[in-house]
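A look at the structure
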Amino acid sequence: MEGGWPTRGELLLCFTISLLLQGRANTFTINCSGFDQHGVDPVAFQAVFKHKDFRPVINDSIPTQVNISFTLSAILEVNAQLQLLKSFLWLKLTWNNPFITWDPEECGHINKLTVTTENLWLPDIFIVESMDVDQTLEGLSAYVTNDGHIVYSKPIRVTSICRLDIFYFPFDQQNCTLTFSSFLYTVENMLLGMEREVWEIADTSRDIVRTQGQWEFLGINKATPKMSVGSSVFDQIMFYVAIRRRPRLYIINLLVPSSFLVAIDALSFYLPVESENRAPFKMTLLLGYNVFLLMMNKLLPASGTPLISVYFALCLSLMVVSLLETIFITYLLHLTTTQPPPMPRWLYSLLLHCTSPKKCCPTALWKENVGPDLTPTHLPGLKEPRELVGKKLGPREAELNGGSGLTRAQLTDLWVQFSHMMDTVLFRLYLLLLASSVITVIVLWNT
C-alpha cells in the first residue's frame, strides 16, 4: 500500500542487498588502521594471500592486462657458431589485483607496500627464444599500491636463439628477437601491453648498457603478433634488439696486415725479371701470408662464409698467380738464352706493333730499323749490334731459326723483348684484378 510500511518481501530484499554490499566491502578493502604506528599487520592480507593460486579477477571472463618493460644492461656474448645471444635484462611486469585495496588516509598516508612474491599471483611470462631455464632469485619482492597496482621487477640472464648473418663480418649488424609471451594463458585470459614506450626502453638501455667486448647496442623495435598453437591463440610482444660489431680489432689484426702483404707482392713486380731474387721473394711472401692466415684463423667466425674469407681467398689466389707469372717469365728467359725457339711471323709483327714509338712501352724504336722483309737492322739489348747487321746465316743456323732470316742473337733479343712485354701485360692484368676485387669487397661491405 502506498505510503505504508514495506512488505515482508521488500524487507528480505533490502537485507540481502545490505549483506552483499557488506561482503563486497570486506572482500576488497583491507583494514590498515594502525599500520603507521605498529607496522603492517600480516593478518590483514591473509584473505588475499590465500587466493594467490588463482588469477586475480572479479569476473573470470575479463582478461588480465600485464604490461611489460625491460632494460638491457649488458651484452655478454654473441656465439656465431651456436647462433646464441647472451644478455642481461632487468624485467619489469605490472598488473592489477582488485582484491588488494586500502584507504591511505586510514593507514597514515601509506600508499605503497612491498610484498614477497611468494604471497602473490605472478604472470607466467617467459621469453620464447630462451634456451635456459629461468633461474630467478628467491625471496624477491613486489611493490603493491593502495589501488591494487602491482610492480614486479627481477634481473634475468638470457641465453636466446639469434639468427646471425655473418656475411658482412666484421662490419655486420645483427637483429636478435626477444619475444615475451604467456605459457598458459590465452588471449581470453591474459593480454600483454607496454609499460613504457619502446623508444624509452631503447634510450634507457643505451644509457646504462655495459657491452663486454666487441658489440655495440644500437636500438630496439617491437611488433605485436599473435601466436597460434592449434586452436589456442596467445598474445605476445616481440622486441628486435639491434647490435653492431666493433670492427677496429679485426681491421688492425686482419685487414691491415693482409693489405700490406698484397701491396708488397704487387711492388715485387718492379724487381728485374732477369734477376734470381723475384721468385724466391714471392715464395717467401706466399708462405708468410699462409702463416698469417693460420695465426688469425681464430678471429674469424667458426661457421658460415663471411665476405672477409672470400677477400683472403682472392688475395691468396692473386699471390699464387703472380708467382706463376714469375715462374713463366723466368722459364721463358731461360729458354731464350739457352735455345731460343723460332718466332712466328704473327708474334714478330705483334712485337713490332707493341714496341713502336706510338705505344707506351719502355723499349727501343723499331719502326725505322725494320726493312721491307721485316728483318730488323738493329735490335736493342745487343752488345754489338753492328756486327749483326748484314751477317749471313749458315744453312744449319737458318734451319734452327725457322728460316726467319734472323741471327741467333737477334732471335734471342726478340724473345727477351717479348718476355718483358708479357711481364708488363701480366702485371697490369694483376693490378686490374686486384683493384676490382678490393673495390667489389668494399662496395659489398658498405651495403
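Remember, predicted model here, so these are calculated numbers, not experimental data.

Calculation criteria
Residues numbered from 1 in each chain as written. Predicted model: local features only at pLDDT ≥ 70, side-chain atom pairs only at ≥ 80, totals over all residues. Heavy atoms only, no water. Helix = DSSP H or I, 4+ residues; strand = E, 2+ residues; numbered from the N terminus. Buried < 20%, exposed > 50% of the residue type's maximum accessible area, 1.4 Å probe, protein only. Contact = heavy atoms within 4.5 Å. Areas by Shrake-Rupley, 256 points an atom, 1.4 Å probe, with all protein chains shown as cover. Salt bridge = Lys/Arg side-chain N within 4 Å of Asp/Glu carboxyl O. Phe/Tyr/Trp six-rings, centres within 6.5 Å; stacked < 30°, edge-to-face > 60°. Lys NZ or Arg CZ within 6 Å of the ring centre and 35° of its normal. Core = buried A, V, L, I, M, F, W, Y, C linked by side-chain atoms within 4.5 Å.

Before going further, it helps to examine the overall build of the protein chain. In terms of regular secondary structure, the protein chain is built from 11 helices and 11 strands. Within the protein chain, the proportion of its 447 residues that are buried is 38%. Considering only contacts in the protein chain between residues 6 or more positions apart, those separated by 24 or more positions represent 74%. Counting every atom, the protein chain has about 26,200 Å² of accessible surface; 60% of that belongs to carbon and sulfur.

On to the pattern of salt bridges, then. This model, assessed by the stated rule, comprises 10 salt bridges. The salt bridge partner of Lys-282 is Asp-265, with a shortest N-O separation of 3.4 Å. Taken together, the residues Lys-282 in helix α6 (residues 278–295) and Asp-265 in helix α5 (residues 248–267) connect sequence positions 17 residues apart. For the pair Lys-282 and Asp-265, one class covers both residues: buried. A network of salt bridges, in which partner residues are shared, links Arg-278, Glu-325 and Asp-423.

So, about the packing of aromatic side chains. Scanning the entire structure with this criterion turns up 17 aromatic pairs. For the pair Phe-171 and Trp-445, a centre-to-centre distance of 5.1 Å together with 65 degrees between the ring planes defines the contact as edge-to-face. With Phe-171 in the loop between β6 (149–161) and β7 (173–182) and Trp-445 in helix α11 (residues 408–446), this residue pair connects regions lying 274 residues apart in the sequence. What makes Phe-171 partly exposed here is its relative accessible area of 32%. The buried category is assigned to Trp-445, whose relative accessible area is 14%. In this structure, Lys-112 is placed above the aromatic ring of Tyr-143, and the distance from its NZ or CZ to the ring centre is 4.6 Å. The lysine or arginine in question, Lys-282, covers the ring of Phe-269, its NZ or CZ lying 3.9 Å from the ring centre.

Once that is clear, we can look at the nonpolar core. With 52 residues, the main nonpolar core has Phe-70, Ile-75, Leu-89, Ile-125, Phe-180 and Ile-220 as its most contacted residues. Examining the composition of this core, we find that six residues originate from one element, strand β1 (residues 64–79), more than from any other. Once residues lying within four places of it in the same chain are set aside, the contact partners of Leu-89 are Phe-70, Thr-71, Leu-72, Ser-73, Ile-127, Lys-154, Pro-155, Ile-156, Val-158 and Leu-178. Counting 27 residues, the second largest nonpolar core, distinct from the first, contains Tyr-250, Leu-307, Val-441 and Trp-445.

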